[in-house]
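Below, each chain spelled out in residue letters.
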Amino acid sequence: MSPGTQADSRAMKPMKYTIWILLTTFIMGTSFPVGKIGMLYAPPFLLMGMRYVLAGGLMAWFLRKRPLPAGWQAWLRIILIGLFQSAGVMGCAYYSMNWITSGESAILTFTNPLLVIIISALLYRLTYRFSQWMGVILGLAGVLLTFGSQMSFSPGTWIGIGGAVSFAVSTLLIKRWGDRYDTFVLTAYQMLAGGAVLLLLSTWTEQPYFMVNPTSVAVLLWLTLVCSIIQFSLWFYLLQHSDPAQTSSYLFLTPFFGVLSSWILLQEQVQWFVGAGGILIGVGIFMVNRRSSAQKRKERSSELRKHSPPMS
């Protein structure tokens, strides 16, 4: 990994980084079973559009006294992030379920870390060790094992891959442009942009309806407050203070948490291979984030030079 990205990854204390990334991926995982429950009461594009517009609107109102981005180019960047992050990722993930299962959709969506490393290597010429590439492959194998490796090729497969590509693109866009914005302002307005697109898709492709009852309202509140406002704020904060490929590697935990939360909320059976997949995911994450001995020596040498007194 380049020295610049190493510096970024050290910007946050390891314990804080670990807590935030585990919380973020756990919240992401819960969105699958909670969303599945919500789809009993509303079509997917409408449900997601309401989720993001409500979340973005609430955040924008609370942040109304903060300075807003200046110029059409700044707003265009936010809209592009919203199109990829909110509309593209979840739009593809849920639309793909017309052909494939939710587990298969989650597997495809969270191949994003591998795509981030490939795009980073091609466009930004970042270098990654062989062990890091092997870690990503092991993590992907763990995700496949977690869901029983039941994959099929259909239009939904390619749509799901499109969601993963969209996730990778949004990750790199946030890393490139995110530090120009207040994290929460960026979170709010990208959700509004993505939510507006999803609502338009709903009017064109669905017969919109929303059945109001305690369960549907609770689902919408969870998706809006926790899986949108809290999740995106944490995710953007992490991307702005770390290497995007390193942080994205932890997304392999999301489908694992999705299986566990589905077991709790939907009483879906958890097989032995879920535990085995979790072990592979952990090993893969360790390999992606482990620094080599040479890198550690270089970092220690840099720290010593930084703190050594100047020569007289």
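What counts as what
- For every chain, the first residue of the written sequence is number 1, and numbering continues from 1 along that sequence.
- Note on the predicted model: pLDDT of at least 70 is required for a residue's local features to be given, and 80 or more for side-chain atom pairs to be given and counted; whole-chain, interface and lining totals, by contrast, use all residues.
- With hydrogens and water set aside, each side-chain value is computed from the structure's full complement of heavy atoms.
- Basic side-chain nitrogens of Lys or Arg form a salt bridge, by our definition, when they fall within 4 Å of a carboxyl oxygen of Asp or Glu.
- Per the convention used, a helix needs a DSSP run of H or I reaching at least four residues, while a strand needs a run of E reaching at least two, with both numbered from the N terminus.
- Throughout this description, buried means an accessible area under 20% of the type-specific maximum (1.4 Å probe, protein chains only), exposed means over 50%, and partly exposed covers the range between.
- By nonpolar core is meant a set of buried Ala, Val, Leu, Ile, Met, Phe, Trp, Tyr and Cys residues that side-chain atoms within 4.5 Å join together.
- Residues count as neighbours in contact if any of their non-hydrogen atoms are within 4.5 Å of one another.
- Only protein atoms enter the 1 Å grid used here. Points where a 1.4 Å probe fits but cannot escape make up a cavity, open sets with protein on both sides within 12 Å along at least five of seven lines make up a pocket, and a residue lines them when an atom lies within 4 Å of a point.
- Grid points are joined across faces, edges and corners, and a volume is the space filled by probe spheres set on the points.
- Throughout this description, a polar contact denotes any pair of N or O atoms lying within 3.5 Å of each other; where both atoms belong to protein, one of them has to be capable of donating a hydrogen while the other can accept it, and for residues adjacent in sequence the pair is counted only when both atoms sit in side chains.

Undergrad: Can you help me understand the pattern of salt bridges in this one?
TA: Where charged atoms from two side chains of opposite charge approach closely, those side chains can pair. Across all of its chains, the model carries 1 salt bridge by this definition. The residue arginine 66 makes a salt bridge to aspartate 182 at a minimum N-O spacing of 2.6 Å. A residue pair is termed long-range when its members are at least 10 positions apart, and arginine 66 in the loop between helix H3 (44-62) and helix H4 (72-95) and aspartate 182 in the loop between helix H8 (155-177) and helix H9 (183-205) qualify at 116 residues. For arginine 66, a relative accessible area of 36% corresponds to the partly exposed category. Aspartate 182 gets classed as partly exposed once you look at its relative accessible area, which sits at 29%.

Undergrad: Help me understand the nonpolar core in this model?
TA: One recurring pattern in soluble globular proteins is that nonpolar side chains are buried together. If you look at the biggest cluster of nonpolar residues, it comprises 54 residues, and the most contacted ones within it are Ile81, Phe167, Met191, Trp235, Phe236 and Ile281. When residues no more than four places from it in sequence are discounted, the contact partners of phenylalanine 167 are Met28, Gln85, Val89, Thr109, Phe110, Asn112, Trp235 and Leu251. Ile37, Tyr41, Val219 and Leu220 belong to the second largest nonpolar core, which has 11 residues in total.

Undergrad: Hey, could you run me through empty space enclosed by the protein in this one?
TA: To find the voids left in a structure, one rolls a probe of water-molecule size over its atoms. Overall, the coordinates contain 2 cavities of 30 Å³ or more when judged by the stated rule. Size it by volume and the largest cavity reaches roughly 130 Å³. In this structure, the largest cavity is lined by 14 residues; those nearest its centre are Val89, Met90, Phe110, Phe167 and Gln231. Mapped by element, the contributors of at least two residues to the lining of the largest cavity are helix H2 (14-38), H3, H4 and helix H10 (214-240). Among the elements that line the lining of the largest cavity, the one with the most residues is H4, at 4 residues.

Undergrad: Where do I start with the side chain of threonine 224 in this structure?
TA: Note on placement: threonine 224 falls in helix H10. Judged by its relative accessible area of 4%, threonine 224 falls in the buried class. A distance of 2.7 Å separates the side chain of threonine 224 from the backbone oxygen of leucine 220, its partner in a polar contact. If near-sequence neighbours (up to four positions away) are discounted, threonine 224 is found in contact with Arg51, Leu54, Ala55, Leu58 and Ile229.

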